[in-house]
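Summary of the model geometry
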Amino acid sequence: MEPRSRGAAPGGVSVSAVLPAGGSGERLGGATPKQFCAVQGRPLVSYAVRAMERISWISDIIVVVSPENIETMKTIIEKYGHKRVTVVEGGITRHRSIFNGLKVFAENEFSSHLLQKPEVVIIHDAVRPFVEEDIVSKVVMAAKEHGAAGAIRPLVSTVIASAADGCLDHSLERARYRASEMPQAFLFDIIYEAYQQCTDYDLDYGTECLHLALKYCKTNAKLVEGTPDLWKVTYKRDLYAAESIIKDNLSQQVCVITSVKETLAQVGFLLPESLKSQIKVEAISISPSKNDSCLQSIISGQCYNFVCVNDKRWAIQETQELVDMLEKSNIPLLYPVVLILVHLDIPENNSFSIGMEDLTMIKKFARETKKKNILVYGLLIQYKDPLLLQETVNSAAALIMALIKDRNPELIGQLLVA
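All figures in this text were calculated on a predicted structure; none of them were measured in a lab. (Residues numbered from 1 in each chain as written. Predicted model: local features only at pLDDT ≥ 70, side-chain atom pairs only at ≥ 80, totals over all residues. Heavy atoms only, no water.)

This brings us to the sheet that holds strand β17 (residues 415-417). An order of β13-β12-β14-β15-β16-β17 is seen for the 6 strands of this open sheet, with the pairing classed as parallel. Of all strands in the sheet, those with a lone pairing partner are β13 (280-285) and β17, marking the two edges. Going from strand to strand, the sheet's axes swing by 20° on average, the running direction of each strand aside. Where strand β12 (residues 253-258) meets strand β14 (residues 305-310), 4 bridges bridge the pair, whose relative direction is parallel. Residue T258 lies in a different strand from β14, and its bridge partner there is V309. Across the sheet, helix α11 (residues 316-329) is in contact with β12, β14, β15 (337-345) and β16 (374-382); its angle to β15 comes to roughly 165°. Of the strands in this sheet, β12, β14, β15, β16 and β17 are in contact with helix α14 (residues 389-406), which crosses β16 at around 165°. (Pairing = 2+ DSSP bridges. Helix = DSSP H or I, 4+ residues; strand = E, 2+ residues; numbered from the N terminus. Axes fitted to C-alpha atoms, helices over the stretch in contact; angles between N-to-C directions. Contact = heavy atoms within 4.5 Å.)

Here we come to the nonpolar core. Ranked by internal contacts, the top residues of the largest apolar core, which has 66 residues, are L271, L275, F306 and I340. Broken down by element, the residue count for this core peaks at 8 residues, all from α14. What L275 contacts, discounting residues up to four positions off in sequence, is V254, V256, V281, A397, I400 and M401. One finds A51, V65, V87 and A151 within the second-largest nonpolar core, a separate group that totals 40 residues. (Core = buried A, V, L, I, M, F, W, Y, C linked by side-chain atoms within 4.5 Å. Buried < 20%, exposed > 50% of the residue type's maximum accessible area, 1.4 Å probe, protein only.)

Now for the pairing of β12. Of all the 6 residues making up β12, 6 are buried; the element is thus mostly covered by neighbouring parts of the structure. Here β12 shows a buried face lined by Q253, C255 and I257 and a second buried face lined by V254, V256 and T258. Where β12 lies against β13, 6 bridges are found, and the strand directions are parallel. By the bridge assignment, V256 is partnered in β13 with A283.

The next subject is helix α4 (residues 133-146). Given a rise of 1.5 Å per residue, 14 residues ought to cover 20 Å, and the 20 Å separating the end C-alpha atoms of α4 matches this to within 8%. Residues of α4 that are buried include every one of I135, V136, V139, V140, A142 and A143, and no others. For α4, the angular spread of buried residues about the axis comes to 165°, placing them on one side. Contacts made by the buried residues of α4 are with β1 (15-20), α1 (44-53), β6 (120-123), β7 (148-154), β10 (178-187) and β11 (222-225). Backbone geometry just downstream of α4 places G147 in the positive-phi region, at approximately 95°. (Expected span 1.5 Å × (residues − 1). Arc of directions from axis to C-beta.)

How two aromatic rings sit relative to each other is given by the distance of their centres and the angle of their planes. A complete count under the given rule lists 8 aromatic pairs for this structure. Every member of this aromatic cluster is reached through a ring pair, and the members are F99, F105, F188, Y192 and Y195. A cation over an aromatic ring shows up here: R42 above the ring of Y80, its NZ or CZ 5.8 Å from the ring centre. Positioned over the ring face of Y335 is R42, at 5.1 Å from the centre of the ring. (Phe/Tyr/Trp six-rings, centres within 6.5 Å; stacked < 30°, edge-to-face > 60°. Lys NZ or Arg CZ within 6 Å of the ring centre and 35° of its normal.)

This part takes up the sheet that holds strand β4 (residues 58-65). One key point about sheets: their strands pair by backbone hydrogen bonds, in either a parallel or an antiparallel sense. One open sheet holds the 7 strands; their spatial order is β5-β4-β1-β6-β10-β7-β11, and the pairing between them is mixed. Here the strands that pair on one side only, and so sit at the sheet edges, are β5 (85-89) and β11. Between one strand and the next, the sheet's axes are offset by a mean angle of 25°, whatever the strand orientation. Of the strand pairs in this sheet, β6 and β10 are connected by 4 bridges, and their pairing is antiparallel. Within β10, the residue paired with I122 across the bridge is A185. Along the sheet, α1 makes contact with β1, β4, β5 and β6, crossing β4 at roughly 160°. Along the sheet, helix α7 (residues 209-217) makes contact with β6, β7, β10 and β11, crossing β10 at roughly 60°.

A few words on the pattern of salt bridges. Under the definition given, this model contains 14 salt bridges. Across the salt bridge formed by K215 and D202, the nearest N and O atoms sit 2.8 Å from each other. Here K215, found in helix α7, pairs with D202, found in helix α6 (residues 200-205); they are 13 residues apart in sequence, far enough to count as distant. On the accessibility criterion, D202 (9% relative accessible area) is buried. We note a salt bridge from E368 to K371, for which the minimum N-O separation is 3.4 Å. Look at E368 and you get partly exposed, because its relative accessible area is 41%. Connected via shared salt-bridge partners are R94, D125, R128 and E181. (Salt bridge = Lys/Arg side-chain N within 4 Å of Asp/Glu carboxyl O.)

We now examine the side chain of T369. Within the element layout of this structure, T369 appears in helix α13 (residues 356-370). One polar contact links the side chain of T369 to the main-chain carbonyl oxygen of A366, over a distance of 3.1 Å. (Polar contact = N/O pair within 3.5 Å; in protein donor to acceptor, adjacent residues only side chain to side chain.)

Let us now look at the side chain of N305. Within the secondary structure, N305 sits in strand β14. Looking at N305, its side chain comes within polar contact range of the main-chain oxygen of L250, at 2.7 Å. Residues contacting N305, with those up to four places away along its chain left out, are L250, S251, Q253, V254, C255, V338, I404 and R407.

Take a look at the structure:
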């Protein structure tokens, strides 16, 4: 989900990006502008920055925010380790903010140091978090050839015009029209000249950058068919949709770690098999501390879900080693990691019983790891009747999938029983 591209920019051109993030979020409602609203504990703008940042051939990322949010944005950059990012003070309208973002490449007095002017500049909304490299590459290539380019999507609803009396005047033929989306890309000199020539009226009331390139530079933009995930977070319901998409993306893979003990071998086989019908499974049959290279490879592959199966009393020490590995990888910095401690309650283990001491230990460990953005849950598999083991494991797999998909921080430290 996060591993990054290396290599030259499409067409060998230099590329930078401007992300306007100065909106007030009036349509969203609430005191917090939508770009700073938390989605899975992380501000929405951080996702958009990361989407650009993980494309290695984008040289500089300019985030334009309102004056009162400059320090907030700088804090976000520091907290989430964003690189190649410059924060710029925005204007009173969208176009004025974008113009300010472009000026850092062209006007010394607007920045403490002038950034290298790119051949192509990408403009992308900070509240469109799911843009992929493929569509960015396509609009950059089209901009190089045509001077300007932008992503489009088919209209979902028919567009109508009303007369002065509030009655229908006419409707547009939906098949002929498209919705303008982001990202858009321009030869820098074209879009910068367009903004320099732009009237105050267009700067204050316009919203479409492609139109400015056409109106002031006679540049007809190439329209590039976009993907369904280019939508913009506008209303509160969009935040819930964004969170759902992120949760789904994080629920694609799980690593199941079991001991090589004979008592765990059967569960260590059945549990991954039961999970495979719902999620990609990587299984490791050894203590995490003794298989660092294999586990490290899985972590590096951006796995955000781990299940540790053990027959000891919650094996906190071994689990702590996994937590340390995750923390060093910086994986939890970007998204919450789910870690499920599965204890196998074996009939011969007469000394085992769940008491307040165990529950308190799990909750304390979960509270500590939550500070690192790792969500810990407990799961007890009661191995009483070998004939019912498959059914019990299936029940455990269902609980594991529910915890992975929901990623509910309110449930950390709880002990579930399969």
